[in-house]
Structures are given as structure tokens and as C-alpha cells.
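Structure at a glance
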Amino acid sequence: MTEVFVLLKAQIYKLFRSKCFYLVLFINIIVNIIGIFAYWLIQNDSKTAADVKGYSLMYKVISNGGIEVFEIMAIIFVALYVASEFKDGNIRSEISFGHSRSAIYFSKMFSSVFGVSMIIASSMITGIAVGSVLFGFGSDLGSQLLFSLIKTFVLTILVSSAFSSIYIMLCFLFKEPGIIISVYIAFTVLISNLLVAQLSLRFEWFRKLTDCMLQSQLFNVSTLKISGETAAIAVIYTAAVIIISSAIGNVFFNKADVL
């Protein structure tokens, strides 16, 4: 555990000095601002504009199509941040210095979870900030509303960590940033958005299966009306995804030849 902590400190230091992290963070914020302005223009032409509250943009920036934006930004960041280390020889050097492969794997996973969490947090903070400017905050910030906003924020950050664990697994399976990004975007666009969406419209049983997808869990917690059951399912599901993907990725890395 001490070894993981030492490597994690180095990874966090690298994260805050990484140009790709700040570039992805900047692009993510700009894309979300453009999306919010587009939403504002649409609402100004509708009869429901008066019902829009600025604080609701904190979670609508994720649930209204923003999940795909988050996924693409996050996979690009993790691929460039972690997979590029195979090409640069950094992972080979860490192994040569005597660090265990498991410690290397989990230090990169935890630092990636932190980075991806900051990406999705930037989306939500941008949403509530720009939304409040365009629509007004919309309500007095009482204790109940504050608690609901914090709960939504924390659960959304938590579920996003499951995405990180999958991305890290892909990095250690494929090693090449370009391949990882291509594979995941192809899966998201062709399979998740097209095939799965079409099958869900045609078959009720298949639509229920999509509730098991990670995107569905993120969508479920991106709202103020989160029931205790929904929150519990999201936490259990997130933990299961992290454990399974981490186990697969770690076992593969321990057996793979990277030298």
C-alpha cells in the first residue's frame, strides 16, 4: 500500500504538470458553455423558458447529451495520460526500478480517477455557473436544495470513477493511445448510440438490459430527484465495475511482456 501511495504522489504531480490534462479540461469547459448557450437559445423560443432554473444546469449539462461529451473527453485524457507512458518507456522504467506491477497499475488508476473526476466536476460547475448567469439561480439556496445539489454532485463524481477504471483497463490492454480512443469512440457511436438505441426502441426486454450500462447509471444520478434505491444501486454498480475491470486489467498487466 505504501508503494502505491509513493507512486500515486508522483502520478498526481505529473497530472498537474500535464498539458494534455489542462487542454482536455479547457476544451470540455468550452464545449459545455456552447451547449448551455444552445440550450438557452432553444428555451428562449419555447413556452417553458420561465420554468428553467440555473442550478438545474449543474446536472442537465450531463443528462442532456453531455454524457457522450464527458466520455470522449475522459477517454482522450486517460489514453494520452496513461497509455502514452508505454511508448515513452516510463512504465518499463518503473518496473526496472523494482516497483510491483500491481502498484504501478493502481497508482495510475487512482490518479486517473482523480483527473476524470475533475473533468466531470468542471462540467457541472460550468453548468451551474453559466446557467445561473443566463437563467438566474432560480431559487433560494435552502438547506434542502443544497443537500440535493451536493448529493447529485457526489454521486455523479462517484459513478464517473467507474468510467476511469474501464479506461485504465483499456490502456493496459491496447497500450496505444490512438487505438484506445478509436476503439472506445467506435463503441460509443456505433454500438451504444446506434445499435443499442435501435434495439431498445424495438424490444422492451432489451431496453431493460440497457439499465445495466454504465451510461444509464450516470444518467440516473444526474438529477435532484435521486431515490435511496437509485443511489444504492449506483454505488453498488460502480463498485462492481471498478473491482471487475481493475482485476482484469491488473491480471493482464502482471502477465504481459512490456520489456
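Residues numbered from 1 in each chain as written. Predicted model: local features only at pLDDT ≥ 70, side-chain atom pairs only at ≥ 80, totals over all residues. Heavy atoms only, no water.

With 66 residues, the main nonpolar core has Phe77, Phe172 and Leu218 as its most contacted residues. Here Phe172 is in contact with Val82, Phe86, Ile91, Tyr105, Lys108, Phe252 and Phe253, once residues within four sequence places are set aside. (Core = buried A, V, L, I, M, F, W, Y, C linked by side-chain atoms within 4.5 Å. Buried < 20%, exposed > 50% of the residue type's maximum accessible area, 1.4 Å probe, protein only. Contact = heavy atoms within 4.5 Å.)

Right, let's talk about helix 10 (residues 214–221) for a bit. Of all eight residues that make up helix 10, six are buried, and the element is covered over most of its length. Those residues of helix 10 lying buried are Leu214, Gln215, Ser216, Gln217, Leu218 and Val221. (Helix = DSSP H or I, 4+ residues; strand = E, 2+ residues; numbered from the N terminus.)

Take helix 1 (residues 2–16) next. When the terminal C-alpha atoms of helix 1 are compared, their 22 Å separation across 15 residues agrees well with the 21 Å that a helix rising 1.5 Å per residue should span. Those residues of helix 1 that sit buried are Val4, Leu7, Leu8, Gln11 and Leu15. One side of helix 1 holds all its buried residues, which, seen down the axis, span an arc of 110°. Exposed residues on helix 1 whose side chains face more than 90 degrees from its buried face are Thr2, Phe5, Lys9 and Tyr13. On its buried face, helix 1 sits against helix 2 (19–44), helix 4 (66–88), helix 5 (90–96) and helix 6 (101–135). (Expected span 1.5 Å × (residues − 1). Arc of directions from axis to C-beta.)

Looking at the secondary structure, you find Val31 in helix 2. Distance in space between the C-alpha atoms of Val31 and Val69 is 8.1 Å, their sequence separation being 38 residues.

Checked against the element boundaries, Asn250 lands in helix 11 (residues 228–255). Sequence-wise, Asn250 and Ala103 are 147 residues apart; in three dimensions their C-alpha atoms are separated by 9.4 Å. Dropping the residues within four chain positions of it, Asn250 is found in contact with Arg101, Ser102, Tyr105 and Phe106. There is a polar contact of 3.2 Å between the side chain of Asn250 and the side chain of Ser102. (Polar contact = N/O pair within 3.5 Å; in protein donor to acceptor, adjacent residues only side chain to side chain.)

Attention now goes to the packing of helix 4 against helix 7 (residues 143–174). Running from amino to carboxyl end, helix 4 crosses helix 7 at an angle of 40°, the nearest separation of the two axes being 9 Å. Classed by the angle they form, the pair helix 4 and helix 7 counts as oblique. Relative to helix 7, helix 4 is oriented so that their crossing is right-handed. Along its contact with helix 4, which presents Phe70, Glu71, Ala74, Ile75, Val78, Ala79, Val82, Ala83 and Phe86, the element helix 7 presents Ser160, Phe163, Tyr167, Ile168, Leu170, Cys171 and Phe172. Looking at the contact of helix 4 with helix 7, its residues break down into 14 nonpolar, one polar and one charged. (Axes fitted to C-alpha atoms, helices over the stretch in contact; angles between N-to-C directions. Parallel < 35°, antiparallel > 145°, perpendicular 65-115°, else oblique. Left-handed = near helix turned anticlockwise from the far one by under 90°. Nonpolar A, V, L, I, M, F, W, Y, C, P; charged D, E, K, R; others polar.)

Let's shift gears to a nonpolar patch on the surface. On the surface, Leu23, Phe26, Ile27, Ile30, Val31 and Ile34 cluster together into a nonpolar patch covering about 530 Å² of accessible area. Along the chain, Ile34 turns up in helix 2. By relative accessible area, which is 54% here, Ile34 ends up exposed. (Patch = residues over 30% accessible without salt bridge, like charges linked within 9 Å, V, L, I, M, F, W, Y side chains within 5 Å. Areas by Shrake-Rupley, 256 points an atom, 1.4 Å probe, with all protein chains shown as cover. Salt bridge = Lys/Arg side-chain N within 4 Å of Asp/Glu carboxyl O.)

Turning our eyes to something else, we now look at the pattern of salt bridges. Under the definition given, this model contains three salt bridges. The salt bridge involving Glu85 is made with Lys14; its shortest N-O contact spans 2.1 Å. Within this pair, whereas Glu85 is found in helix 4, its partner Lys14 is found in helix 1, the two being separated by 71 residues in sequence. Residue classification places Glu85 among the buried residues on the basis of a relative accessible area of 3%. On the basis of relative accessibility, which here comes to 25%, the residue Lys14 falls in the partly exposed class.

In this fold, Ser107 is placed in helix 6. According to the relative accessible area criterion, Ser107 is buried, its value standing at 1%. Contacts of Ser107, omitting those with residues within four sequence positions, involve Val4, Leu7, Leu8 and Gln11.

Relative orientation of the contacting elements helix 1 and helix 6 amounts to 40°, with a least axis distance of 8 Å. The angle between helix 1 and helix 6 falls in the class oblique. Viewed along their axes, helix 1 and helix 6 form a crossing whose handedness is right-handed. Where helix 1 abuts helix 6, its residues Glu3, Val4, Leu7, Leu8, Gln11, Ile12, Leu15 and Phe16 lie against Ala103, Ile104, Phe106, Ser107, Lys108, Phe110, Ser111, Phe114, Gly115 and Met118.

Note that all results are geometric; they support no functional claim without further evidence.
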